[in-house]
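The lines below spell out each chain.
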Amino acid sequence: MTDLFSFYRGKRVFVTGHTGFKGGWLCRLLALAGAEVCGYAQDPAEPSFFRLCGFTGEDVRGDVRDHPRLSEAVRQFRPQLAFHLAAQPLVAEGFRFPRETFEVNVMGTVNFLEALRASTVRSAVVVTTDKVYAEEGKACREGDPLDGFDPYANSKSCADLISGCYARCLLQGTAVSRMRAGNSLGGGDYAPGRILPDCVRAAERGEPVRVRDPRSVRPYQHVLEAVSAYLQLAAMQYEDPRLAGSYNVAPLCGTSTGELAGLFCAAWGCSWRQGGEPLPHEAAALYLEGSKLRGLGVLPRWSVRQAVEKTVEWEKARLAGRDLRAVTDAQIEEYFSSPPLHL
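Treat the numbers as computed from the prediction; the structure is a model and nothing was measured.

Draft legend 1. Spotlight on the packing of aromatic side chains. Using the criterion set out here, one finds 10 aromatic pairs in the structure. Consider the rings of Y335 and F336, whose centres lie 5.1 Å apart with planes at 85°: the pair is edge-to-face. On the basis of relative accessible area, F336 is assigned to the buried category, the value being 10%. In textbook terms, an aromatic cluster arises when at least three aromatic residues are bridged by ring pairs, as seen for F5, W302, Y335 and F336. For the cation-ring pair, K292 lies above Y247, with the distance from its terminal atom to the ring centre recorded as 4.5 Å. The ring of Y335 carries R301 above its face, with NZ or CZ at 5.9 Å from the centroid.

What follows is the structure, given as structure tokens:
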């Protein structure tokens, strides 16, 4: 933690999607490190991590589809590092609004990368997803073909490929990596159709948690695993651009949705049952192979059980009216104080 925070102290960092769940946790880490942050995003949905914990930095509201506004924000801020998290992030919304999903996730990424071409950015990370890969049911490696099945997944596959093209051909002065993270868990996520937010909503209402497919397997991990990996790689490639590339951010093993619901219910004190409206397509199992990133010393620290327990801790603190910024900061401190998991 000390070395990572020392690197970011005083650095100018541009973040798209700072009003979202992952963006909020990323920006809180940057604030604790003493970075100067400019966030660019639309208004958050409510409730949101952004509103509950606040934001320390320059807050610019804008759509990533608005290329002139995004480029001007980057030009005026003059960042040294940049993170692209703004996206339409939901599988179900991709089926309902495919054109908008491709516009945001594909052209939004193009606009971000175009903004970097005339910028001072030395290191950039484009966040995609574990769902970019063509194959399901196997532990996907970074060199495997990209061709996500549904509109959301496919739009992120396109964004990933586009980022690779810009990195090779148009951004030789900027180290650009694509980071494909597994499903992130943590306090402050209220997106519809995601398992833990759905669990929290059901528990708040005093209803049993409903799980669409308890046998489905996903690479669940705490959000701090993902955002700390983004920060670590961005710092490393800032110093050594040869490290730029594509990286999976993965837990040591996958977890079934039924097991995850069981962990949540044990921590909260409730019950679950199978049910819920199925999606038009939902992979039975998604796995990521994460040895490439772990080979750089970026190692997971919390098990999925700890990830669920910390989510429950955060959400119960919210219901109790506690200071959620203080709760968040304490969890960040605890995460970085935890030893890496045994490989």
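Draft legend 2. Layout of the side chain of N248. With respect to the helices, strands and loops of the structure, N248 is situated in strand β12 (residues 246-249). Judged by relative accessible area, N248 falls into the buried class, the value being 0%. Within the structure, N248 has its side chain in polar contact with the backbone oxygen of E289 (distance 3.0 Å).

Draft legend 3. Region of the structure containing the UniProt feature "domain: NAD-dependent epimerase/dehydratase" (unreviewed entry) in the chain. UniProt records the feature "domain: NAD-dependent epimerase/dehydratase" (unreviewed entry) at residues 13-249, using the numbering of this structure. Taken end to end, residues 13-249 is 43% helix and 19% strand, and its first and last C-alpha atoms sit 21 Å apart.

Draft legend 4. Expanded view of the nonpolar core. In terms of nonpolar packing, the biggest core is built from 50 residues, with Y8, V15, W25, L30, F83, M179 and Y230 touching the most fellow members. Considering each element in turn, this core owes the most residues, 11 residues, to helix α9 (residues 223-239). Contacts of W25, omitting those with residues within four sequence positions, involve F49, G187, H222, V223, L224, V227, W314, T328, Q331 and I332. Residues F14, A73, F77 and L171 belong to the second largest nonpolar core, which totals 23 residues.

Draft legend 5. Structural view of the environment of N248. When the C-alpha positions of N248 and M179 are compared, they lie 5.9 Å apart, and in sequence the two are 69 residues distant. Looking at N248, its side chain comes within polar contact range of the main-chain oxygen of C140, at 3.0 Å.

Draft legend 6. Expanded view of unusual backbone geometry. In this structure, P47 follows E46 across a cis peptide bond, with omega equal to 0°. Here P47 is to be found in the loop between β2 (36-41) and α3 (49-53). In this model, R78 sits at a positive phi of 55°, which is unusual for a non-glycine residue. With respect to the element layout, R78 can be found in the loop between α4 (67-77) and β4 (81-84).

Reading the values: the criteria
Per chain, residue numbering runs from 1 following the sequence as it is written. For this predicted model, a pLDDT threshold of at least 70 governs which residues receive local features, and a threshold of 80 or more governs which side-chain atom pairs are given and counted, while totals over whole chains, interfaces and linings are taken from all residues. With hydrogens and water set aside, each side-chain value is computed from the structure's full complement of heavy atoms. Side-chain rings of Phe, Tyr and Trp (the six-membered ring for Trp) are treated as a pair once their centres are within 6.5 Å; stacked means planes under 30 degrees apart, edge-to-face means over 60, and tilted covers the remaining angles. For every residue, the accessible area (1.4 Å probe, protein chains only) is compared with the maximum for its type, and the residue is labelled buried under 20%, exposed over 50%, or partly exposed between those bounds. Here, over-ring charges are defined by two tests on the NZ atom of lysine or the CZ atom of arginine: distance to the ring centre within 6 Å, and angle to the ring normal within 35 degrees. Working definition: helices are DSSP H or I runs of at least four residues, strands are E runs of at least two. Numbering for both runs from the N terminus. Between N or O atoms, a polar contact is any pair within 3.5 Å; within protein, one atom must be a potential hydrogen donor and the other a potential acceptor, and residues adjacent in sequence are included only when both atoms are from side chains. UniProt positions are given in the numbering used here, feature names are shortened, and annotations may be inferred rather than shown by experiment. In this text, buried Ala, Val, Leu, Ile, Met, Phe, Trp, Tyr and Cys residues form a nonpolar core when linked through side-chain atoms within 4.5 Å. In this description, contact between two residues means that some pair of their heavy atoms is separated by no more than 4.5 Å.

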